[in-house]
Amino acid sequence: MRGVSKLFFLVLILNLQGCQSFLLGNPSPPVVYKVPAGLPEQEQAFYLLKLTQQYSELNKNQEALACKELTKEYAINPTWQVAWVLVHGLNNDFKCLSLSKTQKLIIDIQAKQSFDLQLQWVNENKARDLKGIQVRNKKYSRLRSKFNESQEQLQELESKIQALKAIESSINKKLNYERPGRK
């Protein structure tokens, strides 16, 4: 009897711990698995978009956890569906993957995805957007570098101006002292 009650409480505690995140309003992220085979192409696209939407609605902590889990999953089993969710559902602000990793995954998705799938255009648009971001990042880096150089030049000019002002002040004092009528 005593063993049964311990087992009952153990099961109860485990169940409560499993529900704890749900009770706290912090449900665990959805689980990614392959789009079911045999679905018509349109249903596959809808299924994947729905799954991506679920991931995009996660809070910051859940998003970070899902990113970590999906990145591990992709390392073990690199399916284009996992890459899709990483790129389109979790990486809108590049906190999950860097720009270069995102671009690599887009290329992987394009290579592994069937070419007749209706979602191909989404990847093409994302690839174009990522290329644009990359170009803007390079321009930003160059402008930032030029700005820093300009700041340094400005500092040098300001120090030279201060030195010239000090020299001018010194000359003016000397001239005032040497003026006739002054003793």
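## What to know about the packing of helix α3 (residues 60–76) against helix α4 (residues 80–89)
Turning to step 1, where the next piece is worked out: Between α3 and α4, the shortest axis-to-axis distance is 9 Å and the interhelical angle comes to 150 degrees. The angle between α3 and α4 falls in the class roughly antiparallel. Crossing hand, α3 versus α4: left-handed. Facing Cys67, Leu70, Thr71, Glu73 and Tyr74 of α3, the residues of α4 in contact are Val82, Ala83, Val85 and Leu86.
Turning to step 2, where the next piece is worked out: Of the residues in the contact of α3 with α4, the class split is 7 nonpolar, 1 polar and 1 charged.

## Description of the nonpolar core
Turning to step 1, where the next piece is worked out: Core analysis: the biggest nonpolar cluster contains 26 residues, and Tyr55, Leu70, Trp84, Leu86, Leu90 and Leu105 have the highest contact counts within it.
Turning to step 2, where the next piece is worked out: Broken down by secondary-structure element, the contributors of at least two residues to this core are α2 (41–56), α3, α4, α5 (99–112) and α6 (120–178).
Turning to step 3, where the next piece is worked out: For this core, the leading source of residues is α4, giving 7 residues.
Turning to step 4, where the next piece is worked out: Setting aside anything within four residues of it in sequence, one finds leucine 86 in contact with Cys67, Leu70, Thr71, Tyr74, Asn91, Cys96, Leu97 and Leu105.

## Quick look at the confidence of the model for the chain
Turning to step 1, where the next piece is worked out: For the chain, the mean per-residue pLDDT works out to 78, and 75% of the residues sit at or above 70.
Turning to step 2, where the next piece is worked out: Helix α1 (residues 2–23) is the least confidently modelled element of the chain, averaging 47 in pLDDT, while α6 averages 90, the highest of any element.
Turning to step 3, where the next piece is worked out: Across residues 4–12, where pLDDT falls below 50, the model places 0 contacts with residues more than four positions away in sequence or in other chains.
Turning to step 4, where the next piece is worked out: Under a pLDDT of 50 for its full length, residues 16–24 has, in the predicted model, 3 contacts with residues more than four places off or in other chains.

## A closer look at the side chain of glutamate 63
Turning to step 1, where the next piece is worked out: Along the chain, glutamate 63 falls in helix α3.
Turning to step 2, where the next piece is worked out: Buried and without a salt bridge, glutamate 63 has lysine 60 as its closest oppositely charged side chain, separated by 4.6 Å.
Turning to step 3, where the next piece is worked out: Setting aside its immediate chain neighbours within four residues, glutamate 63 contacts Leu58, Leu90 and Asp93.

## Structural notes on the packing of α4 against α5
Turning to step 1, where the next piece is worked out: Taken N-terminus to C-terminus, the directions of α4 and α5 make an angle of 145 degrees; their axes are 9 Å apart at the nearest point. Where α4 crosses over α5, the handedness of that crossing is left-handed. Residues Trp80, Ala83, Trp84, Leu86, Val87 and His88 of α4 lie in contact with α5, whose contacting residues are Thr102, Leu105, Ile106, Ile109 and Lys112.
Turning to step 2, where the next piece is worked out: Here the residues of the contact of α4 with α5 sort into 8 nonpolar, 2 polar and 1 charged.

## Quick look at the packing of aromatic side chains
Turning to step 1, where the next piece is worked out: Across all of its chains, the model carries 1 aromatic pair by this definition.
Turning to step 2, where the next piece is worked out: Relative to tryptophan 84, the ring of tryptophan 80 has its centre 6.4 Å away and its plane inclined at 85 degrees; by these criteria the two rings are edge-to-face. Note that tryptophan 80 and tryptophan 84 are positioned in helix α4 at a spacing of 4 residues, about one turn of the helix. As far as the burial class goes, tryptophan 80 and tryptophan 84 line up, both buried.

Cut-off values and rules
- Residues numbered from 1 in each chain as written.
- Predicted model: local features only at pLDDT ≥ 70, side-chain atom pairs only at ≥ 80, totals over all residues.
- Heavy atoms only, no water.
- Axes fitted to C-alpha atoms, helices over the stretch in contact; angles between N-to-C directions.
- Helix = DSSP H or I, 4+ residues; strand = E, 2+ residues; numbered from the N terminus.
- Parallel < 35°, antiparallel > 145°, perpendicular 65-115°, else oblique.
- Left-handed = near helix turned anticlockwise from the far one by under 90°.
- Contact = heavy atoms within 4.5 Å.
- Nonpolar A, V, L, I, M, F, W, Y, C, P; charged D, E, K, R; others polar.
- Core = buried A, V, L, I, M, F, W, Y, C linked by side-chain atoms within 4.5 Å.
- Buried < 20%, exposed > 50% of the residue type's maximum accessible area, 1.4 Å probe, protein only.
- pLDDT = per-residue confidence, 0-100.
- Lys, Arg positive; Asp, Glu negative; His and termini not counted.
- Salt bridge = Lys/Arg side-chain N within 4 Å of Asp/Glu carboxyl O.
- Phe/Tyr/Trp six-rings, centres within 6.5 Å; stacked < 30°, edge-to-face > 60°.

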